[in-house]
Structure formats: C-alpha cells, structure tokens
Amino acid sequence: MAVLETVAPVRHARRPAPAPGRRARINRHLLRLPFYLLSLTMVVPFYWLVITVFKTPTELARTPPSFVPHSPTFDNFYDPDWSPRHIDPGHLQGIFQRFQVDFGFWRFLFNSLFITTAITVGSLLICSLAAYVIAKHDIRGRRVIFLMIIASMMVPWQTTLIPNYVIMRNLGWLDSYPAYIVPALAKAFVLFFLVQFLQSLPNELIQAARVDGAGEWRIWWTIVLPLLRPALAAMSIFIVLAEWNNFLWPLIIVQSDEMANLPVALARLNSYFAGPDHQGAIMAGGLLASVPTIAFFLVFQKYFTRGIALSGLKG
Amino acid sequence: MADMATPAASPLRSALRRYGTSSLMLLPFLALFAGFLLWPLANSLFLSFTRFDGINPAEFTGLDNFRQLAGDARFRHALGNTALYVVASVGLGTLLSLGLALAFNGTSWPHRIMRTLFFLPSVTSSIALMLMWKWVLFPSDVGLANTVVGWFGGHAVAWLATPGLTVPILVLMSVWGGMGYGMVLYVAGLGSIPEEYYEAARIDGASVWQQFRRITLPLLRPVTTYVVVTGLIGAFQVFEAVYIVFRGTNNVGGVLDSGLMIVPYLYDQGFTHFKLGYASAIAWVLFVIIFVLSLVNLRLGRAMKEL
Amino acid sequence: MRRTTAVCGTVLVALLSAACATSGQSETKQADQNAPASLSFWSTGGDDETAIFQKAADLYKQSHPNVTIKVQTLTWDDAYAKLLAAATSRSGPDILSGGMTWTIQFGARGAMVDLRKHGLDALKAQAQPAQWESAVSPDGSVYGVPLDMSTFALYYRKDLLDQAEVSPPRTWEELVTAIDKLRAAGVRKPYSQDWGNLDWIGYFNYLYQAGGSFYTPDCKPSLATPQAERALTYWADLYRKHGAPTATVEGSDALDTGTALVVAGSWIAKGIDVNKPKLKGKWAMTTLPAGPAGPTTFIGGRAIGVTSFSKYARIGADFVKFLYSDEAITAIVDEAKKRNLPFIPPRPDKVVSTSTFTPEQAQVFETSISTGKAAPGCPGWDESAGDVAKQLQSAILGKADVKTALAEAAKVMERNAG
C-alpha cells in the first residue's frame, strides 16, 4: 500500500498550518510576492497568443503592436472574404482554409484525437495484461523480462528512429495509422509503473477469485483493471500528453498531407508563412491544438496532480 | 514450461493452462517490445559501427565513427552547449519549482489559480508554445519582446539571430514551460510531510527557516532527486525547441551553431548529411549519458530508502 | 534457469541477425508501359506551387490519357528529411523536386535515374548554362534538371531615396555611400538583406562580384584568395560598419517597415503591391550593385528528377522533358499569374516573354540571369555549405578575422572533397 500512503495526504493537504501570528503571516505573504509577479510571465505570453488570434492581418503588421484587438475578428479561423483569385492583404486564409486536404484543419484534429486515443487505450490494455502476469503470476523468467524492460527505459528513443522507419517500410505501413499506433503500444515505463503498483496490492482478492474458479482473463478484466484504476488514470495522462505532442516520428513516417497530426501540420504552417500578418492564423492553429489537452486537464485536474505525484513518488 | 511437467496428469494440465495463459497474456507486450524496441536497438547498434548513407548497404567500419566523434569539433560544441543548457535549465527549473510549491501549496483559491496558471504550459501543445515564442521574439518591432525593449528605450533586438542569446532563450523557454510540473511534484511531496513534525519544531522554538532547513528540505529529497534526474534526462534530449525556433536553412543549430545540441546534431548528421551510421554513433553516446544518469537515479533512490 | 537462457539467447540472436537487417539495393522492376500509370510527384515549396505544377500534369494527361500524375507538397523545412527517408526505404515519389543539388546527392547514392538514359541531356541547349552545370553531377550524370530559376534583386524605397537625394546604387562603392547618406538624412534602417542573410548564398554574390569563387574549375577549394578576402571584408563591413541587421526580416516586411535598400530574392517582387498596398508606387527594383569584377549574381532554383525506385521511370522522364515545352511553361505561368505566384521558367528565352512579373521586373531578372552563376556542383560542397556559412558568420559577428574564417572554411571544403 506504499503508493497510496505516500499520495493520500495530498488530498488532505492542510498547510499552511494554524496561523502562527500576524507578523509571520505578513512575512509569508511578502515572500510570496515575487512568485505572484512571476505569474505575470505566465499570463503575458498566453495573453499575447490569444489576442493575436483575434487581430486582423493589417493590425498584426502594425507597429507598435496593440494590446487589445481593435476590431476583434474570427477571420483567423475562417475568413469569408478571402479568395484565392482576388489577393487582398487585409484578408488572409483562416486556419480552416489553409490546408488543401479534405476537411482541412479538422482532418488533423481528427488524426491527433484518433491516434492519441488509440495509443492510450491500446497501450494501457496491453501493458496491464503484461503487468498482471509479471506482478502476480509465478512464472519463470519474469525477473529477467522485468529487468530487461527496466533497462530499456534508459534508452533514448531517438536511437531507434532509423531502424523503426525501415521496419515500417517493410511492413508497408508508411503513411498510415498503424505506423503511428503500433510501435507506440509497448511502453516500458507504463509497464514498470503498473507492475510496481500491482506489487503493492495484496493478493487476497485475486486468490479468492481463483478459488471461485474464475479464469485469468476474467480476473484481469474484473479485478485487476478496477484495482489499477488510479494507476491507469495517472499513466493515461502521460501517454495522452506525449502522443498529442509527438513530432519527430510523424514527421518521418507521414508522406501524404492528410496523414499529418497537429504538430506536423502546425510546423508546416510555420515554415511556409513567416510574416507577422500570418501569425493570427498560425496562433489560431496553436490555440485549437491546445484546447483538447487543456480541456482534458481542466476536467480531470484532480487526477492530473495526483497522477503526476504518483509517478514522481514511486517512479 | 516443459520442465514444469510432473508425472501426474491433472497438475500437468493445470500447469499448462496456467502458464499457457500467462504466456499468452505477456505475448502482445513482448512481441511489440521485441519488434519495435529491442530489434531496432540492435540494428542501430550495428549501424553505429558502419558507414551507412541510407541507400546503399551499410559498410562495416569498426570503431571509425566513434574515433571520428572524439575529434569532431562540432560534436564537442554540441556536447558543451547541451551541458550548459542542461545545468542551467535544470538548476533554475528545480529552484523555481520548489519556490512555487512552497508559495502556493495551500487549498485556498488564489493558490489553486496560481498552481493552475503555472501548470498550464505542461498541458498546452508544445509546438504551439514554440510558435508562440517565435512570435513573441519576432525580430522587428511588431514582436512583443521588442515592444517591451522599446518601452525602456532600447533598439529592436535580433533575439533569434544573436548567438549569445540562444542558450539563454532555450533555458528560459524550458524553465518557463517546466517549472509548473516540478511544482506539482513538490506540492505532493510537501503534502506527505506530517504536520506533527512542524508542530513539534515550533514547540521547540524553531524558526521558519530552521523548520525549512531541518524538516522540509531533507524530507523533500526524494522528490528533488526525481525532479532533477528526470529533468536532466529530458534536457539532454532537447530537440523541438531548437528545430522549430532556431533552425535556419543551412544551420540546424541556429546562427554560429549557438543552439546546437546532441539530438539536433544527430538529426543534422543523419537527415541532412546522409551519415546514418555516424548519427547512430551519436545516438549511442546519448544512450550512455542517459544510462549513467538513470543508474545514478536508481542508486540515489536506493540510498534514500536505506536512510 | 532454462528460461533465462532462452531469453538471453533470443536477444543474442536478435543482435546477431541485425547485422543482415539493412536493406540492399535492387533494380526496380519497370511497369508495363502501356497500362494506365499513376505517378506521384513530390514538389518542394508551397501548396500554391503544387497547384501550378498540377496544372502542367493535367495538361500532360490530355496528350497521355493513361498517365495520371499527382503532385504533393513538401515544405522546405522537412523536404530533405522526407526525401532521404523515402530514398532509404526505396519507396515514395516517382518524381521529386527540391534544392538544386539534392538530385545530385540522391543520385550519387543510387536513388535517382540518370536522365541521359532518356535523352534529357538535350535540354541543356535550352537551359541557363551556369544553372545546368550546377545540376549536373561531377561525373557528368544528369540526375536532375532545373525546374525553375530564382535570383537576387535590389529593392528600394523611391520615397526614402529621394528624401536623401540618393540614386539607386550600381556599384559597391555607391552602395556604401548611399547607406551613409540615407543615415545622414534620418533613415533609421538604410539597408538589409533577406535571402542569404548570414548564409553562404548571401556571400556568393560578393565573392563572384570580387572575381572569386568557391572552387576552381577542377573543384579545388579556392576560398583562401585575396578576392574572397576582399568580398568577405566588404560584406562583413555592411553588418559591422553600416548596420545591416543580422536578424533576417522578410523583404517586403523590411520595405514596409522603412528599410530603404533591401537585397532579396526575385520572388518577393510579386507580392509587395498586394501584400503591402501602402507601398504601391513607392518602391522599385534593380540589379545588385556590381563589384570590382562585375555584376555576377546568384541563380538559385529547384531541380527536378526521377527516382530510381519508380516503376515509371520512362514516363517520369518524359514528363520532366515536357515541362520544358512552350505549352507547359505557358500553362504553368498562366496558373501562377492567376494565383499571383512568382515563377521564373528554367529557359532564359522565356524569362521575359512568358513571365508572371511585370515587363520591367522581368527585364531586371533577365539581366541578372544572363551573367549569373549557380551553386557549386563540386563533390563535398553540400556537406560543407553549413560549415562554410558558420565560418562566414564568425567573421561577420567578429568572432574571427576574415582571413582565419576563410582559411577554416577552405579546410572544411578540402576535407569534405574526399
């Protein structure tokens, strides 16, 4: 139960403790002041990003820049007045008009969502199965397997970039969803974490189910997975964030425009349009790419901090 | 499995069923693990001893790549740059994470808002953040950074084309984006310190500073180890910040290679110079660095437990 | 224990057999020439440019109904990595276009078809000689031919020049004087460079204008010469003494934000009036100021070639040849005009007659192109270009003196030459 014990106090965090006197309290607030000021450096760049999205191209090119959009507009998402035949510097393509791909930017949103979901679900299933065997089955060689997996966590993934590319080619998977998903399923860190978590749980429930005649698959599905829930929640956060931001691997395996994920699509935008007037649409793309993960965070905030704490104190 | 066989039929069958199922449950993971990690790893190890241009068959050259790396001034420069970046970003990031955690570990709403705010970069699309920085640091007067400089009477600064500013900007970007994450870890660590320790210390008349020195800091040591070591490992692998923000047409590492790091150099050698064998050798140097760091992590972690 | 041994054994086998894992090279089987063919063409550039080449592909289909060519965009930033990945796996496009020397490099490694096999060396007569030379491999193979051209021009703000009573500079000396006069007249940003800023392409112009070159005709590095020194001294002084910015500002933005003289690529001429309507009538352009040895200007552009792993090498080569025909160039330029895109055809005789630019602009480009030189096609140049740029930067940024920087650059070129 070590894991649960170390994290449990977070939920009941009671500090700062009963007030130790007025002067000390003022001192503490004074000590916090620089950190409140530091938070400005958080707010300002984000604010800059957001207002950029709502400025017109003309306003974006103006110096000095404005800090409140003069005539807020959604044109950077979709500009109805833009036309490829009639060029007008006041009307540039919105982010949804920039990609010559069916469904435009939506396609990349879909790709990223689909790939991230598939990898998260798939790897949690596969890793939890293996973790169950390693932690709770008494089979020979599990120690060796586990050691090998731990050792592999120390390998920077860039090492396998080229060989994996050749494998994708041999399988005929280039430019397809399997190339995104399949190599990303066996995650050593997830397995390691789940094994650690399972080892800290008592065997009684599993034993009882075995006595009742339940099969191993059934035990995994009805007992192990529910027991693992906090660990699975923690891991899903890591997987989602990592896959959502994945860049170098997609950059290499994607050949056609429509198979790009959001980071690759955004990087392409950046390389082609450099001027300040295009920044509105680029930032609009960045904002859209961030909305799903930020929403995910705001909804599951509790699990985020707990999950990170769990990994930090135990990983 | 065969060696589990016993003369009795029914234990044999049950053993077979048990171990058969176990193996079957392990199979998906092991197959994928072997196919997309072990096998490619072995491949890249082999490649690091060859000259391989990606098109013609690899040609075995023994230790040539590693010998060449030892005398490669650009690689040394990349190592030095990376070391500087790693030390600065991890040092500064850890200090600020701890400071933030101490400042905002309560449950009141200002604290929660502050925590959320500092954590926000961790859940924002990382490419979006790079593009944001590129826009903030835009070279002419339309950029935010130059506007601020202008308020203080300065001239527009070529942020991304001034070699001396490259590593500081990379450090800033990394600290800015990462301190909220470390803060969350530290807040959890603080929460696990029993309040009784502080009460006892106060009864003994210990000052706030003494409480921090004698209770908080030592008890946070495992968290610090984790924050520092994972920070180091991540920082050694920095790529996107250099690639998106600083890369020019002919220089992967920015002006005068001022932002050249290990992984961007690996990418440069492998993907713009056709030296996949050489790039694999670089990857294995990175491997050794990170392996050693991880061992230090394990060793320290064990030492902590024994304390 | 047996299981442990088995696992270790498996790992060992994996390690050993990895030795044979990297793919060898094999001759690609050609498809039946009369069956319907579908080719993919990876075009480095923007989506709009893809559309203009698609127009040519559609036109080709009219005369070859069996052949469908689909053009796809690769952005400049990641094109090279993607093409390398494709060459590694011997799967990808049938036709590719990219930087002038890319086809040479891919060709040298067996990934491109020598177009001489399909008679494309005949295009030499139609191409700009220097550009053709830089597309041909040192051993004479033709793995790619020029797809388009680009060059430099000096863009200037007429209003600011008038205000300072300066005429557009025609020589190095006049340029420096003009900058000083502009500054004296209160112009805060007299001069900047867009294309080639802090890069070897920027230096190229000065080097050749001073009578120097990167390599001798027989491909010996030739940067350790008085001409190269003179060129670098002049160029570095533009930054160090005359305040040229080291941060690259896009040409039309630079003009728009009050820069009086801007050295930039030919392509920006197309967009200034539409993107910066305030500048309409206030700007003009001319050829680069000439140096002591003349006005030699860099000619860039893209090369196009056919991959050796294509099943339709003959058709691909035929399409490349078709791109040099009058009708294809007309179709491409017409579409480019509609989309307001810059495009200079690879045939010098077409630069003015079939142009997306105004006649005056096209005239300036033709003048530059007629005496222009292109990137060196010597072995090892591509590996060296980045390092050479780095040495030039260290001279400009005052980290090394001109002589040392050039000597270092020459050393790198020497090493990479073989």
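Residues numbered from 1 in each chain as written. Chains lettered and ligands numbered in written order. Predicted model: local features only at pLDDT ≥ 70, side-chain atom pairs only at ≥ 80, totals over all residues.

Trainee: Teacher, can you tell me more about helix 8 (residues 200-209) of chain C here?
Mentor: Side chains three or four residues apart in an α-helix point the same way, a direct result of the helix having 3.6 residues per turn. All names here are of chain C. Of all 10 residues in helix 8, 10 are buried; the element is thus mostly enclosed. For helix 8, the full list of buried residues reads Trp200, Ile201, Gly202, Tyr203, Phe204, Asn205, Tyr206, Leu207, Tyr208 and Gln209. Looking at the buried positions of helix 8, the neighbouring elements they touch are strand 5 (150-157), strand 6 (189-193), helix 9 (226-240), strand 9 (298-300), strand 11 (373-374) and helix 15 (381-396). Gly211 occupies a position one or two residues after helix 8 and carries a positive phi of about 95°. (Buried ≥ 20, exposed ≤ 12 C-beta atoms within 10 Å, placed from the backbone. Helix = DSSP H or I, 4+ residues; strand = E, 2+ residues; numbered from the N terminus. Contact = placed C-beta atoms within 7 Å.)

Trainee: So what exactly am I meant to see when it comes to the packing of helix 4 (residues 104-136) of chain A against helix 11 (residues 229-244) of chain A here?
Mentor: Each pair of packed helices can be summarised by the angle the axes make with each other and by the distance between the axes. Residue and element names in this part refer to chain A. As a packed pair, helix 4 and helix 11 sit with axes 9 Å apart at the nearest point and diverge in direction by 140°. Accordingly, the angle class assigned to the pair helix 4 and helix 11 is oblique. For the crossing formed where helix 4 meets helix 11, the hand is right-handed. Between helix 4, through Ser112, Ile115, Thr116, Ile119, Thr120, Ser123, Leu124 and Ser128, and helix 11, the contact on the second element is made entirely by Leu232, Met235, Ser236, Ile239, Val240, Glu243 and Trp244. (Axes fitted to C-alpha atoms, helices over the stretch in contact; angles between N-to-C directions. Parallel < 35°, antiparallel > 145°, perpendicular 65-115°, else oblique. Left-handed = near helix turned anticlockwise from the far one by under 90°.)

Trainee: How should the confidence of the model for chain B be read in this particular structure?
Mentor: Should the pLDDT be low somewhere, the predicted coordinates at that spot are not to be read in detail. All names here are of chain B. Put simply, chain B has an average pLDDT of 87, and 90% of its residues get 70 or more. In the model of chain B, helix 13 (residues 276-306) stands out as the element of lowest mean pLDDT, 79, in contrast to helix 3 (residues 73-103), which has the highest, 95. Confidence drops under pLDDT 50 across residues 1-8; counting only partners more than four residues distant or on other chains, this segment forms seven contacts. Overall fold confidence (pTM) sits at 0.84, and the ipTM for the predicted complex is 0.86. (pLDDT = per-residue confidence, 0-100.)

Trainee: Could you clarify how one ought to interpret the domain arrangement of chain A in this entry?
Mentor: Think of interface size as the accessible area that goes away when the parts come together; that is how it is often given. Residues and elements named next belong to chain A. Here chain A is partitioned into domain 1 (20-97) and domain 2 (104-314). Distance from the C-alpha centre of domain 1 to the C-alpha centre of domain 2: 32 Å. The interface of domain 1 with domain 2 comprises 17 residues on the first partner and 14 residues on the second. The set of elements that each furnish at least two residues to the side of domain 1 that touches domain 2 consists of helix 2 (22-53) and helix 3 (57-60). Here the residues of the side of domain 1 that touches domain 2 are counted per class, giving 11 nonpolar, five polar and one charged. (Domains from an automatic or database assignment. Nonpolar A, V, L, I, M, F, W, Y, C, P; charged D, E, K, R; others polar.)

Trainee: Help me out: how do you make sense of unusual backbone geometry in this one?
Mentor: Most peptide bonds adopt trans geometry, and most residues besides glycine take a negative phi value. Residue and element names in this part refer to chain C. Even without being a glycine, Glu165 presents a positive backbone phi close to 55°. Summarising the element assignment, Glu165 is placed in the loop between helix 6 (158-163) and helix 7 (172-184). Taking the number of C-beta atoms within 10 Å as the measure of exposure, Glu165 has 9 and is therefore exposed. Unlike most non-glycine residues, Asn340 shows phi in positive territory, near 55°. By the element assignment, Asn340 lies in the loop between helix 13 (326-338) and helix 14 (359-370). Assessed through the 17 C-beta atoms surrounding it within 10 Å, Asn340 is described here as partly exposed.

Trainee: How should the UniProt feature "transmembrane region" (unreviewed entry) in chain B be read in this particular structure?
Mentor: Taking the UniProt record as the reference, the feature "transmembrane region" (unreviewed entry) is found at residues 21-42, 83-104, 116-136, 156-176, 223-246 and 276-298 of chain B. Each end of residues 83-104 of chain B is marked by a C-alpha atom, and these two atoms are 31 Å apart; helix forms 95% of the span and strand 0%. (UniProt positions renumbered as here; feature names shortened; annotations may be inferred.)

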